[in-house]
Amino acid sequence: REREIEGLKIISGCEYNFGGGNTKNGVYHILGIGMTSDPEIPEDWQHLVKTSTQKAAEAIKMIKQHNGIAVLAHPAWSLNNHSQILKLGHFDALEIYNSVSEHGMSDRPYAGLIADMLATDGIVVPLLATDDTHYYDGDQFGGAVMVEATDFDSQSIVRAILAGRFYSTQGPEIHIRQTAADKIRVICSPAEKIVFLSNLAWTQGRVVRGENLVEAEYTVNPDETFVRAEVTDAAGKKAWSNIISIG
């Protein structure tokens, strides 16, 4: 439930684990953020005669019914393939980066490839970076979202995330907007690389490298259906924009 501790906003949340360790059979971690009441997903679901994919899909529906954001967590860590994800139904967001997924027992924190393949198929969702701290020995302070909300209450923050009014980051700042039908502009904190990613395998002007870069403009190719951006600073820290659908 919603709380505030010394100015720190606490929003209701939960994480549900479906599946064992073998990703071939489907391993899904589904987050619920900002629910106004308990989704009441039964603890005995593990004994039901359902696949992990079916359970995850049901959990997504129940989170949304309770006014929460249903998030597909660390899909790269879970090796969620395209066909598995399509069976989950309409989730609200996807983790593009998860801090603990490159720490300890794994090294698959980044899901940009999955986000791009889904967007190529017309599935565009907000992209979250999360600080999924478990061990507190290096996995903390790894990812965050910077949200533009009109108010400080939970539902305003939930609405802003659903609308994509945020960026995800390890520290750098990134802002993206479409300035014309064929122009995408990024403004950022000082960076060494700005990359524009889309459904095209390759195209001119996609990668900009230099020192103290604070902006870049990209000319959209007529065959592009979406564009998103990433920046990398001198320390190797990254920030990720949400996806802009083209056309």
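Fair warning: this is a prediction, and the values are worked out from it, not measured in the lab.

A. Main features of helix 4 (residues 154–162). Every buried residue of helix 4 is listed here: Ser154, Ser156, Ile157, Val158, Ala160 and Ile161. Along its buried surface, helix 4 packs onto strand 2 (8–10), strand 4 (28–33), strand 5 (69–72), strand 7 (127–130), strand 8 (144–147) and strand 9 (166–169). In this structure Asp153 caps helix 4, since a side-chain oxygen of it lies 3.3 Å from the backbone nitrogen of Gln155. At the C-terminal side of helix 4, Gly164 shows a positive phi close to 75°.

B. Examining the layout of surface pockets more closely. Space inside the largest pocket adds up to approximately 690 Å³. Lys9, Ile11, Ile33, Thr130 and Val145 are, among the 28 residues lining the largest pocket, the residues nearest its centre. Where the lining of the largest pocket is concerned, the elements lending two or more residues are strand 2, strand 3 (13–18), strand 4, strand 6 (93–98), strand 7, strand 8 and helix 4. For the lining of the largest pocket, the class distribution of residues is 15 nonpolar, eight polar and five charged.

C. Spotlight on the pairing of strand 4. Along strand 4, five of the six residues are buried, which leaves the element largely enclosed by surrounding structure. When strand 3 meets strand 4, the two strands line up antiparallel, connected through six bridges. Looking at strand 4, one finds that Gly13 is bridged to Ile33. Bridge analysis of strand 4 against strand 5 gives four bridges, and the strand direction is antiparallel. Looking across to strand 5, one finds that Ile30 is bridged to Leu72.

D. Local environment of the side chain of Thr130. Relative to the assigned elements, Thr130 resides in strand 7. Excluding anything up to four places from it in sequence, Thr130 contacts Glu95, Tyr97, Asn98, Ser99 and Gly143.

E. Up close: the pattern of salt bridges. As enumerated under the stated definition, the model contains seven salt bridges in all. Across the salt bridge formed by Arg185 and Glu217, the nearest N and O atoms sit 3.6 Å from each other. Pair noted here: Arg185 is in strand 11 (residues 183–198) and Glu217 is in strand 12 (residues 207–219), with a separation of 32 residues, a long-range link. What makes Arg185 partly exposed here is its relative accessible area of 22%. Connected through salt bridges with shared partners, the residues Asp116, Arg228 and Glu230 form a single ionic network.

F. Layout of the nonpolar core. Membership of the largest hydrophobic core comes to 33 residues, with the highest contact counts inside it found for Phe18, Ile30, Leu72, Leu88, Phe91, Leu94 and Ile114. Elements supplying a minimum of two residues to this core: strand 3, strand 4, helix 1 (52–65), strand 5, strand 6, helix 3 (112–120) and strand 7. With 18 residues, the next largest nonpolar core counts Ile174, Cys188, Leu213 and Ala229 among its residues.

G. Spotlight on the sheet that holds strand 6. The five strands are arranged 3-4-5-6-7 in an open sheet whose pairing can be described as mixed. The open sheet is flanked by strand 3 and strand 7, the only strands paired with a single partner. The average angle at which neighbouring strand axes cross in this sheet is 30°, direction not considered. With respect to the sheet, helix 1 is in contact with strand 3, strand 4 and strand 5, its orientation differing from that of strand 4 by roughly 5°.

Calculation rules
Residues numbered from 1 in each chain as written. Predicted model: local features only at pLDDT ≥ 70, side-chain atom pairs only at ≥ 80, totals over all residues. Heavy atoms only, no water. Buried < 20%, exposed > 50% of the residue type's maximum accessible area, 1.4 Å probe, protein only. Helix = DSSP H or I, 4+ residues; strand = E, 2+ residues; numbered from the N terminus. Contact = heavy atoms within 4.5 Å. Polar contact = N/O pair within 3.5 Å; in protein donor to acceptor, adjacent residues only side chain to side chain. 1 Å grid on protein atoms, 1.4 Å probe; cavity = no way out; pocket = protein on both sides within 12 Å on 5 of 7 lines; lining within 4 Å. Points joined across faces, edges and corners; volume = space filled by probe spheres on them. Nonpolar A, V, L, I, M, F, W, Y, C, P; charged D, E, K, R; others polar. Pairing = 2+ DSSP bridges. Salt bridge = Lys/Arg side-chain N within 4 Å of Asp/Glu carboxyl O. Core = buried A, V, L, I, M, F, W, Y, C linked by side-chain atoms within 4.5 Å. Axes fitted to C-alpha atoms, helices over the stretch in contact; angles between N-to-C directions.

The analysis is restricted to geometry; functional conclusions fall outside its scope.
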